[in-house]
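Close look at the chain arrangement
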Amino acid sequence: MAGVRAVDRRHFPLEDIPSIVKLFKEQLESSSEPDLALLSIVVGAVENSLTCNRSVSVQKETDTLCEHKLPAVQYHITEALYSRFHASIKGAVDLTQYSGSKYATRELVKKVSDVVWNSLSKTYYKDKAHLQSLYSYLTVRRLDCFGVAFTVVAGCQVLGYRDVHLALSEDHAWVVFGEGGSQTAEVTWHGKGNEDKRGQPVGPGTGSRSWLYVNGCPVICTRPMEVAALVSAINPSLSATSDAMEVALLQQELLWLLYDLGHLTHYPMAIGNLSDLEEVSPTPGRPPCSTLFQEAAMSARTYYKNQHVYPYTYQGGYFYRHKMYKEAFESWANAADVIRLYNYSRDDEEIYKEFLEIANDLIPHIMKVVSSGHSAHSILKDPECFAHLIRFYDGICQWEEGSPTPVLHIGWAKPLVNTISKFDADVRTQVVIECRGDDSSEGFEGAMAEPETDLKDDVKKKELLDSLLREEASCVDEDEICNNKSSSGKGT
Ligand SMILES: CC1(C)CN=C(N2CCN(c3ncnc4sc(CCF)cc34)CC2)S1
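Just so we're clear, the structure is a prediction, and the values are computed from it rather than from any experiment.

1. Section: the environment of Ala167
You can see Ala167 is positioned in strand β3 (residues 165–168). Note on Ala167: relative accessible area 0%, which makes it buried. Taking the C-alpha atoms as reference, Ala167 lies 9.9 Å from Phe177; in sequence the two are ten residues apart. Dropping the residues within four chain positions of it, Ala167 is found in contact with His172, Ala173, Trp174, Val175, Val176, Val219 and Ile220.

2. A look at the site of the ligand
Taken together, 15 residues sit near the ligand, with Phe146, Ser169, Tyr267, Asn273 and Tyr310 positioned nearest. Tyr267 places a side-chain nitrogen or oxygen 2.7 Å from a nitrogen atom of the ligand. Asn273 has a polar side-chain atom sitting 3.1 Å from a nitrogen atom of the ligand. In isolation the ligand exposes 550 Å². Once the protein is present, 74% of that is buried. Considering each element in turn, the shell around the ligand owes the most residues, three residues, to helix α13 (residues 310–321). A class-by-class count of the residues in the shell around the ligand yields seven nonpolar, five polar and three charged.

3. Remarks on the sheet that holds strand β5 (residues 183–185)
In spatial order, the strands read β5-β4-β3-β6; together these four strands make up an open sheet with antiparallel pairing. Looking at strand neighbours, the two that pair on one side only are β5 and β6 (219–220), the edges of this open sheet. Across four bridges, the pairing between β3 and strand β4 (residues 173–177) is antiparallel. Of the residues in β4, the one forming a bridge with Leu168 is Ala173. Each of β3 and β6 is contacted by helix α9 (residues 223–232), which is oriented at about 55° to β3, the strand it contacts most.

4. A closer look at the packing of aromatic side chains
Under the counting rule described, the total for this entry stands at 20 aromatic pairs. Ring geometry for Tyr320 and Tyr325: centres 6.3 Å apart, planes at 50°, overall tilted. Here the two residues Tyr320 and Tyr325 agree in accessibility, since each one is buried. An aromatic cluster is defined as three or more aromatic residues linked by ring pairs; in this entry it consists of Tyr344, Tyr352, Phe355, Phe392, Tyr393, Trp399 and Trp412. Over the face of the ring belonging to Tyr137 we find Arg141, whose NZ or CZ atom lies 4.8 Å from the ring centre. Over the ring of Trp117 we find Arg198; its NZ or CZ atom is 4.2 Å from the centre of that ring.

5. Quick word on unusual backbone geometry
Cis geometry marks the peptide bond from Phe12 to Pro13, where omega comes out at -5°. Residue placement: Pro13 occurs in the segment before β1 (14–16). Non-glycine residue His130 carries a positive phi angle of around 65°. Within the secondary structure, His130 sits in the loop between α5 (106–118) and α6 (134–140). At Lys323, a position not held by glycine, the phi torsion is positive, near 55°. Looking at the element boundaries, Lys323 is found in the loop between α13 and α14 (325–339). Judged by its relative accessible area of 61%, Lys323 is exposed.

6. Regarding the nonpolar core
With 146 residues, the main nonpolar core has Phe24, Leu108, Leu166, Trp332, Phe355, Phe392 and Trp399 as its most contacted residues. Among residues more than four places away in sequence, those in contact with Phe24 are Leu39, Val43, Val227, Leu230, Val231, Leu254 and Leu257. Membership of the second largest hydrophobic core comes to six residues, among which are Trp174, Val176, Val202 and Tyr213.

7. Looking at the pattern of salt bridges
Between side chains of opposite charge, a pair can form as their charged atoms come close. Enumeration according to the criterion identifies 21 salt bridges in this entry. Of the charged contacts in the structure, one is a salt bridge between Glu33 and Arg223, with a shortest N-O distance of 3.0 Å. Residue Glu33 is located in the loop between α1 (17–29) and α2 (36–51), and its partner Arg223 is located in helix α9; the two are separated by 190 residues in the primary sequence. Residue class for Arg223 comes out buried when judged on its relative accessible area of 4%.

8. Description of the environment of Gly411
If you trace the backbone, Gly411 turns up in helix α17 (residues 410–420). Residues Gly411 and Leu356, 55 residues apart in the sequence, show an inter-C-alpha distance of 9.4 Å.

9. Here we look at α1
With 13 residues, α1 should cover 18 Å at 1.5 Å per step; its first-to-last C-alpha distance of 18 Å lies within 8% of that length. What α1 keeps buried is the set Ile17, Ser19, Ile20, Val21, Leu23, Phe24, Gln27 and Leu28. For α1, the elements touching its buried residues are β1, α2, β2 (69–73), α9 and α10 (245–260).

The rules behind the values
Residues numbered from 1 in each chain as written. Predicted model: local features only at pLDDT ≥ 70, side-chain atom pairs only at ≥ 80, totals over all residues. Heavy atoms only, no water. Helix = DSSP H or I, 4+ residues; strand = E, 2+ residues; numbered from the N terminus. Buried < 20%, exposed > 50% of the residue type's maximum accessible area, 1.4 Å probe, protein only. Contact = heavy atoms within 4.5 Å. Near = heavy atom within 4 Å. Polar contact = N/O pair within 3.5 Å; in protein donor to acceptor, adjacent residues only side chain to side chain. Areas by Shrake-Rupley, 256 points an atom, 1.4 Å probe, with all protein chains shown as cover. Nonpolar A, V, L, I, M, F, W, Y, C, P; charged D, E, K, R; others polar. Pairing = 2+ DSSP bridges. Axes fitted to C-alpha atoms, helices over the stretch in contact; angles between N-to-C directions. Phe/Tyr/Trp six-rings, centres within 6.5 Å; stacked < 30°, edge-to-face > 60°. Lys NZ or Arg CZ within 6 Å of the ring centre and 35° of its normal. Core = buried A, V, L, I, M, F, W, Y, C linked by side-chain atoms within 4.5 Å. Salt bridge = Lys/Arg side-chain N within 4 Å of Asp/Glu carboxyl O. Expected span 1.5 Å × (residues − 1).

Now the structure itself:
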């Protein structure tokens, strides 16, 4: 039985960001484990008070830079919620039922998941914001899918199990437990209308090569990384168009604390979250966000066999917003090099939407913007840009190959053909796209190499490309293609 860790009164009331950072620092540097329940209740209380049922006009008045006063987090509220969580978990789980082993069993993990699951309010909108913390769970009995997984891990910590940890893919969360974290268990739901698999090991997901389980390379959290997950999950959004600045600043400060303590090194998405915050309001003396986006990508390559997509879409989005279009193409091509060896399955909608937006919204927008200019340095005359785009589209085509669910449809073909046909033949023929043979594992590693742009023709790929252009020409305005071709001096 874990001793009930008294909430340390000394820190309260928490009235500003430095006092909350100090609480987190002490928890992270104390000898025993950081207390997930305590920290989640505290940041959930701050987030709730600053984002829920607040008129934006009020927000404007208090947004002066000098005062970062937060609505005070009182000791007695925190202590009451903390005790309520301890009592509900310990009251519902009779530990004498679960052998004397210091390791959790599947039955124990499932029991904690059931206690959380069955205590949630019956009907609520699961995708709403601000449902990720223990504050939400303990006050309104509402949690999102990540929140359920996090609360199960916090519950197991209350029961004294130090082996139960959060496992994170880019769109799902589950737990590992047992000696060496060798066992896995689903503890929450995923997506809409899917039967939950709670209690089952993370099974065929990895076999079916679906992105949802990142091909066996999830982020396996330590306790401090679970703190990083709860901090990453802080949601400063006040509305679809505005954020509560104090909540964003709190999240940024806490992420820097975790970064400095080394707890983000193996957590690419948390580094990406910090980079996004730094892009909006850079912290003096800290690395630029462009460096942080690169660190996130390096973390995914170093620790997760480059099987994560988001580090490259974080980076591509940054370059796009800063009109660094060639760099954006390269990041998106790197993202496609990740997805190409997955098979698209029904659980992968989130990443499908990500690639759809890049291919059919962001790239067409770039093409429109650069087509108006006539600079000699235009990306339309740059063979490396063309190479990045081909690598991007080819990665999506290969993603579809062998998948149970189709990816491409006519809606993809029009923007694709429009984009490619913006590059003149004399630019296209400067690009070599070497086929990396059939060994997908070799091809996979190779995919990370820079695309060859030697000035040699690769007949096979070029024929494929031209046939694609010809074939799809019927669906795009004939004249437009012909005009483009005639301007490049080369008919089909
Ligand atoms: C490039 C982007 C579209 C920008 N934000 C992105 N994300 C925001 C933050 N995200 C995350 N950030 C930290 N940790 C986690 S764990 C997880 C799976 C559900 F548990 C998601 C996620 C998800 C991805 S990807």
